[in-house]
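Structural description and commentary
Here is what each chain is made of, one letter per residue.
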Amino acid sequence: MPPVNDRKGRNEIARRRTPTTGSAALGVIMAVVCLDMMAVAIVLPVLPRLVGTLMPGNRARIALVFGWFGASWAIMQFFAAPLLGALSDRIGRRPVILWSCFGQAVDFAIMAMAPSVAWLFVGRILSGISSANIAVANAYVADITPPERRAAAFGLTGGAAALGFVLGPAVGGALGGIGLRLPFWCAAALAVLNAAVGLFVLREPARQSSAPPPPRSRRRLNPLAPLRLFARPGLTRPAIIYALGILAQQAIPAILVLYLENRFGWRPALIGAALAGAGVGFGVVAGGLVRPCVRRFGEAVTLRLGLIGGAAGFAMFAFAPHGHDIWFALPVIAIWALSLPSLQGIMARRIGAEDQGGLQGMLSSISSLAALIGPLLFTSIYAATISLSPAHPWAGGLALLLAATLLLGALIPAFSIGDHRG
């Protein structure tokens, strides 16, 4: 009998400790994700200008090279994410997260010292591989969080990522006004800090370390495998809307920085402030307006309102006669943040509980493909239009109008989706 009591006592102690340990680990993961995203976003306001200093040429050529920067990063993400996820299943989450953090520090240091565009490409490619650790971080969260709390935990990590994307451009723009390479050194320092947090505070999840490695499967390493849900009845039209929306979203990192710099002569600090302002607007709408809008209008109507707001915002960017008009477009395009949560709610209701993970995998695959195609698509159109009509003030805005057109095109299947209030 005493051993039974001892076992009960140990179980009780473990039960009491688990919430604290899980909460502390979740906080560490949130810090890791925030610093990771901040390091990635901090270089956005200055990267086009740095490319221009290393590669003398016209604006169209610089835009094309910038597009390949984005595409190369996305290609590495596309193939590295499932590989890192599978690797973390076999050797543990913590080693993969630490490796990614240290790898990012090296990547940004390479870009900070890059003597040529080729070396910038090397750093960007390595950065794409290293920053593919978000899936591993989400797996860590799933390991340490009870099933009934995972949605809230994923929401917290998503908020941490959004915070990193808001702070990154603002800090990068301010540092870029001092020196074009300073944001890269700051990003490297953030990656080192990220690694230190993981090294000294992060621990391997208990369930993960005690679980046997899953069997090898080529299917698990195929980034296109989750797209099989695309043909599921009831998901095809929402998936098309999602794909068009995510593709349009690529116009912001791909050409908005180039557009603001070339069209209005904005410096990195002002560009960073605009990107940060857009991030704040998206966060406010997604965090504060989605729920009341869905309750009042339903998911389908809220989805349509978001798509219309996004299209109107891109059009205002494209036709802005003066630089200060961009600030009026930011709250309009922020309405776009109504669409994604509403769309995800629609899709989640159309499949069973056993396929929710597969749904997230499909959305991740679509996002990866859009991030691969979008930079090349938008920068190619931007380069072509400013080459054909260099004197026309709105030539560069035609690529932004394409993004608006994609969102208007998404309205066609959106109007055929039934409404639901909740």
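Throughout, a residue's number is its position along its own chain's written sequence, starting from 1. The predicted nature of this model means local features are confined to residues of pLDDT at least 70 and side-chain atom pairs, given and counted, to a pLDDT of 80 or more, with totals for whole chains, interfaces and linings taken over all residues. To obtain the side-chain values, all non-hydrogen atoms of the structure were used and water was disregarded.

1. Looking at the pattern of salt bridges
Note the cut-off: Definition used for salt bridges: Asp or Glu carboxyl oxygen within 4 Å of a side-chain nitrogen of Lys or Arg. The numbering of helices and of strands both runs from the N terminus, where a helix is a DSSP run of H or I of at least 4 residues and a strand a run of E of at least 2. With a 1.4 Å probe rolled over the protein chains alone, any residue whose accessible area is under 20% of its type maximum counts as buried; one over 50% counts as exposed, and the rest are partly exposed.
Tallied over the entire structure, the rule returns one salt bridge. Between Arg-49 and Glu-261 there is a salt bridge whose closest N-O contact spans 3.6 Å. With Arg-49 in helix H2 (residues 47-54) and Glu-261 in helix H11 (residues 251-264), this pair connects stretches of sequence that are 212 residues apart. An identical accessibility class is assigned to Arg-49 and Glu-261; each is buried.

2. Some remarks on a nonpolar patch on the surface
Definition in use: The patch calculation keeps residues exceeding 30% relative accessible area without a salt bridge and links them within 9 Å when they carry like charges or within 5 Å when they are nonpolar (Val, Leu, Ile, Met, Phe, Trp, Tyr). Note on areas: Shrake-Rupley with a 1.4 Å probe; residue coverage comes only from the protein chains shown.
The grouping of Phe-102, Leu-199, Phe-200 and Val-201 at the surface amounts to a nonpolar patch, some 410 Å² of accessible area in total. Note on placement: Leu-199 falls in helix H8 (residues 182-200).

3. A few points about the packing of helix H10 (residues 236-249) against helix H16 (residues 339-349)
Rule in force here: Fitted lines through C-alpha atoms serve as axes, helices being fitted only where they are in contact, and the angles separating the N-to-C directions of these axes extend from 0 to 180 degrees. The labels follow the angle: roughly parallel below 35 degrees, roughly antiparallel above 145, roughly perpendicular from 65 to 115, and oblique for the rest. Helix crossings fall into two classes, left-handed where the near helix is turned counterclockwise from the far one by less than a right angle and right-handed where it is turned clockwise. The criterion used for residue contact is that any of the two residues' heavy atoms lie within 4.5 Å. Lys, Arg, Asp and Glu make up the charged group, whereas Ala, Val, Leu, Ile, Met, Phe, Trp, Tyr, Cys and Pro make up the nonpolar group; the residues left over, Gly among them, are polar.
Relative orientation of the contacting elements H10 and H16 amounts to 155°, with a least axis distance of 10 Å. Judged by the inter-axis angle, H10 sits roughly antiparallel to H16. Judged by the sense of rotation from one axis to the other, the crossing of H10 with H16 is left-handed. Across from Pro-238, Ala-239, Ile-241 and Tyr-242 in H10, the residues of H16 making contact are Leu-340, Leu-343, Ile-346 and Met-347. Here the residues of the contact of H10 with H16 sort into eight nonpolar, no polar and no charged.

4. A closer look at the nonpolar core
This is how the line gets drawn: Here, nonpolar core means buried Ala, Val, Leu, Ile, Met, Phe, Trp, Tyr and Cys residues that are tied together by side-chain atoms lying within 4.5 Å of each other.
Core analysis: the largest hydrophobic core is formed by 86 residues, its most contacted members being Leu-260, Leu-307, Phe-314 and Phe-317. Beyond its immediate chain neighbours, meaning those up to four positions away, Phe-317 contacts Leu-256, Tyr-259, Ile-326, Ala-329, Leu-330, Ile-333 and Leu-400. The next biggest cluster of nonpolar side chains, apart from the first, holds 19 residues, and it includes Val-32, Val-136, Tyr-140 and Ile-144.

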